[in-house]
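Residue-level structure breakdown
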Amino acid sequence: MTSLEGMDLHISNPMKKRIRLAVSLFYFGQGLGFASWASRIPSIKTALGLSEAQLGTLLLMIPIGQLVTMPLSAALVNKYGSQKILPITAAIYAIVLFLIAFAPNIWILGAILFLFGVSGNMCNISVNTQGVLAEQLYGKPIMSSFHGAWSLAGFTGALLGLLSMNFQIGTVGHFAGVLVLLLVNIVLNRNFLVAEESKEKSTKKKEKFKPDWLIVQLGIIGFFSMATEGAMFDWTGVYFSDVVQAPEKWITLGYASFMVMMAAGRFIGDGVIAKLGRQRTLQISGCMMFVGMLTSVLFPNLWICTLAFMIVGLGVACNVPTVYSVTGSHKTIPAGVALAMVSSISFLGFLVGPVLIGYIAELSSLRYSFAVFSLFGVLMFFMVSRLKIFNQ
């Protein structure tokens, strides 16, 4: 295998397909790592005797690690290139996942989860930069399919976790197997990543990039979508239990319907974007978010809410991939730096969304909080309609 570094981007179609496969598998690897950790949270909670409050505090260590390293991730990707940073950080991510299984107490587990967030963020910035570069190489929308690979990895990771527990494989054995898979994935695909153009260093003056109003607006659109995603991840089960009053065996139906349609939407999203354009696709997505959330509020019936959450899943599917795709083509800010800025704002939605749902529900009701969140789709619709960059 030969590295793609320094090669002309006008390359053969078979090589383009190999590059796309490599980038997809790096997305898949990152999703598999996170899903593997998530699938063993109950086992780790029991093994360390953690209370719900202690577990909640520990879970915050991952996003804290992600947020505090945003500037560092952007600087490393901008300086060395995502094709060099991604294999290294992906390997670190896999190793840190394996170390989680050996945490003997809450303090060490907290420190490891912080590192898990740090390495995960570096993977996130570099893999999305690779996604942008691969899309530019193809000259057509393919970013949604990359995020679809991440979603598919979520199902795979959950299945592996379920199988490992059913076959009484401990967390160490489970994470060891995932570590081997992830390292093999890196070795097989690291030489097929896209290299950025070399940066001239004719001056010693350091460039400073500040977020402009366009970057902020793209981040806010991402915020609305990720806040909705975060709310759906954390509150669909509670909504089906408390509001829909679904039988216990159907409580996870809302979450499953949302996840399936979000993953499916990401695999078909590139074709939809190519046909309708980014702006029209995001406008429709905003409408679907609004209609789906509001329908679940107005008709708290088991099957109607299942359909409503499927609509929400389709509504959020292409938003973040599209925003990242547009962000990576910013004219004055390097892709890695621009993505770090937008993802910082967007990811706050993922953190704040579930918390905001809880506070609104405490003040009024869970149905009312879902009604408030339906407005994010409306706000996204109007913001997307005003930005000409989505038409380019």
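Residues numbered from 1 in each chain as written. Predicted model: local features only at pLDDT ≥ 70, side-chain atom pairs only at ≥ 80, totals over all residues. Heavy atoms only, no water.

**Description of empty space enclosed by the protein**
Counted only if it meets this: Cavities and pockets were defined on a 1 Å grid built from protein atoms only: a cavity is a group of points that admits a 1.4 Å probe but offers it no way out, a pocket is an open group of points flanked by protein on both sides within 12 Å along at least five of seven lines, and a lining residue is one with an atom within 4 Å of any such point. Grid points are joined across faces, edges and corners, and a volume is the space filled by probe spheres set on the points. Working definition: helices are DSSP H or I runs of at least four residues, strands are E runs of at least two. Numbering for both runs from the N terminus. Each residue gets one label: Ala, Val, Leu, Ile, Met, Phe, Trp, Tyr, Cys and Pro are nonpolar, Asp, Glu, Lys and Arg are charged, and the others, such as Gly, are polar.
Throughout the structure, instances matching the rule amount to two cavities of 30 Å³ or more. By volume, the largest cavity amounts to about 100 Å³. In this structure, the largest cavity is lined by Phe-26, Gly-29, Gln-30, Leu-86, Ala-90, Tyr-93, Ala-94, Cys-123, Val-127, Leu-182, Asn-185 and Ile-186. Elements supplying a minimum of two residues to the lining of the largest cavity: helix H1 (13–39), helix H6 (82–100), helix H7 (106–138) and helix H9 (171–189). For the lining of the largest cavity, the element with the most residues is H6, which contributes four residues. Split into classes, the residues belonging to the lining of the largest cavity amount to nine nonpolar, three polar and no charged. In this structure, the second largest cavity is lined by Glu-135, Pro-141, Met-143, Ser-144, Asp-270, Ile-273, Arg-278, Pro-321, Thr-322 and Ser-325. Breaking the lining of the second largest cavity down by element, the ones donating at least two residues are helix H8 (143–166), helix H11 (253–276) and helix H14 (319–328).

**Section: unusual backbone geometry**
To keep it simple, the criterion reads: Throughout this description, buried means an accessible area under 20% of the type-specific maximum (1.4 Å probe, protein chains only), exposed means over 50%, and partly exposed covers the range between.
Residues other than glycine seldom take positive phi values, yet Gln-168 does so here, at roughly 55 degrees. Along the chain, Gln-168 turns up in the loop between H8 and H9. On the basis of relative accessible area, Gln-168 is assigned to the exposed category, the value being 74%. Phi at Gln-245 takes a positive value of approximately 55 degrees, unusual for a residue other than glycine. Turning to its location among the elements, Gln-245 is positioned in the loop between helix H10 (213–243) and H11.

**So, the packing of H1 against H8**
Angle between the axes and distance between the axes: these two values describe a pair of packed helices. The test is simple: Axis geometry follows a simple rule: fit a line to the C-alpha atoms, using only the stretch in contact for helices, then measure angles between N-to-C directions, giving values from 0 to 180 degrees. Any angle that is under 35 degrees is reported as roughly parallel, and any over 145 degrees as roughly antiparallel; angles of 65 to 115 degrees are reported as roughly perpendicular and all others as oblique. Less than a right angle of anticlockwise turn of the near helix away from the far helix marks a crossing as left-handed, whereas a clockwise turn marks it as right-handed.
Direction vectors running N to C along H1 and H8 enclose 40 degrees, while the axes themselves pass 7 Å from each other. By the angle class used here, H1 and H8 are oblique. Pair H1 / H8 crosses with right-handed handedness. Of the residues in the contact of H1 with H8, the class split is 14 nonpolar, eleven polar and one charged.

**Some details on the side chain of Arg-40**
For clarity, the cut-off: In protein, a polar contact requires one atom able to donate a hydrogen and another able to accept it; more generally it is a pair of N or O atoms within 3.5 Å, and residues adjacent in sequence count only if both atoms are side-chain atoms. By the convention used here, residues are in contact when the closest approach between their heavy atoms is within 4.5 Å.
Structurally, Arg-40 can be placed in the loop between H1 and helix H2 (41–48). Among the polar contacts listed, one links the side chain of Arg-40 to the backbone oxygen of Ile-169, at a separation of 3.2 Å. Filtering out sequence-adjacent residues up to four positions away, Arg-40 remains in contact with Ser-164, Met-165, Ile-169, Gly-170, Thr-171, His-174 and Phe-175.

**Some thoughts on helix H15 (residues 335–363)**
Quick reminder of the rule: Each residue after the first adds 1.5 Å to the expected span of a helix. What the bend at a residue measures is the angle between two axes, fitted to the seven residues ending there and to the seven starting there.
Helix length check: H15 (29 residues) gives 41 Å between terminal C-alpha atoms against 42 Å at 1.5 Å per residue, within 8%. If you look at H15, its biggest bend is around 35 degrees, right at Val-352, and the proline Pro-354 turns up within four residues after that.

**Comments concerning the state of the cysteines**
This is how the line gets drawn: Two cysteine sulfurs form what is called a disulfide whenever their separation falls within 2.5 Å.
By the definition in use, this model includes zero disulfides. Just so you know, Cys-305 is unpaired, no disulfide at all, and the nearest cysteine sulfur is the one on Cys-287, 20 Å from it. For Cys-305, a relative accessible area of 0% gives the class buried.

**Observations regarding the pattern of salt bridges**
We count it as follows: By definition, a salt bridge exists where a carboxyl oxygen of Asp or Glu is found within 4 Å of a side-chain nitrogen of Lys or Arg.
Within the structure shown, the criterion is met by two salt bridges. A salt bridge links Glu-229 to Arg-266, with the shortest nitrogen-to-oxygen separation between them at 3.7 Å. Taken as a pair, Glu-229 in helix H10 and Arg-266 in helix H11 lie far apart in primary sequence, 37 residues in all. A relative accessible area of 5% means that Arg-266 is categorised as buried.

**Notes on the side chain of Glu-135**
Structurally, the position occupied by Glu-135 is in helix H7. For Glu-135, a relative accessible area of 7% translates into the label buried. Setting aside residues up to four positions removed in sequence, Glu-135 forms contacts with Lys-140, Pro-141, Ile-142, Met-143, Arg-278 and Ser-325.

**A word on the layout of surface pockets**
Taken as a whole, the largest pocket spans an internal volume of roughly 2000 Å³. Surrounding the largest pocket, 48 residues form its lining, Phe-34, Ala-38, Phe-233, Asp-234 and Phe-350 being those nearest its centre. Broken down by element, the residue count for the lining of the largest pocket peaks at eight residues, all from H1. Residue classes in the lining of the largest pocket are distributed as 29 nonpolar, 16 polar and three charged.

**Observations concerning the packing of H14 against H15**
Two numbers describe how H14 lies on H15: the axes approach to 8 Å, and their chain directions differ by 140 degrees. If you check the angle between H14 and H15, you find them oblique. The element H14 and its partner H15 pack so that their crossing is right-handed. Across from Val-323, Tyr-324, Thr-327 and Gly-328 in H14, the residues of H15 making contact are Ala-335, Ala-338, Leu-339, Val-342 and Ser-343.

**Looking at the confidence of the model for the protein**
This is how it is decided: For every residue, the predictor reports its confidence as pLDDT, a number between 0 and 100.
For the protein, the average pLDDT comes to 88, and 93% of its residues sit at 70 or higher. Here helix H3 (residues 52–59) is the element of the protein with the lowest mean pLDDT, 80, and H9 is the one with the highest, 97. Per-residue pLDDT stays below 50 along residues 5–9; that stretch engages in six contacts with residues further than four places along the chain or on separate chains. Note that residues 200–205 has pLDDT below 50 and, in this model, one contact with residues that lie over four places away or in other chains.

**Considering the packing of aromatic side chains**
To describe a pair of aromatic rings, one takes the distance between the centres and the angle between the planes. The test is simple: Aromatic pairs are defined between Phe, Tyr and Trp rings, using the six-membered ring for Trp, whenever the two ring centres lie within 6.5 Å; interplanar angles under 30 degrees are classed as stacked, those over 60 as edge-to-face, and all others as tilted.
According to the stated counting rule, one finds twelve aromatic pairs in the structure shown. For the ring pair Phe-240 and Phe-309, a centre distance of 5.6 Å and an interplane angle of 35 degrees mean the geometry is tilted. Of the two residues, Phe-240 is situated in helix H10 and Phe-309 in helix H13 (residues 302–317); the sequence distance between them amounts to 69 residues. For Phe-240, a relative accessible area of 0% puts it in the buried group. In textbook terms, an aromatic cluster arises when at least three aromatic residues are bridged by ring pairs, as seen for Phe-223, Phe-224, Phe-373 and Phe-376.

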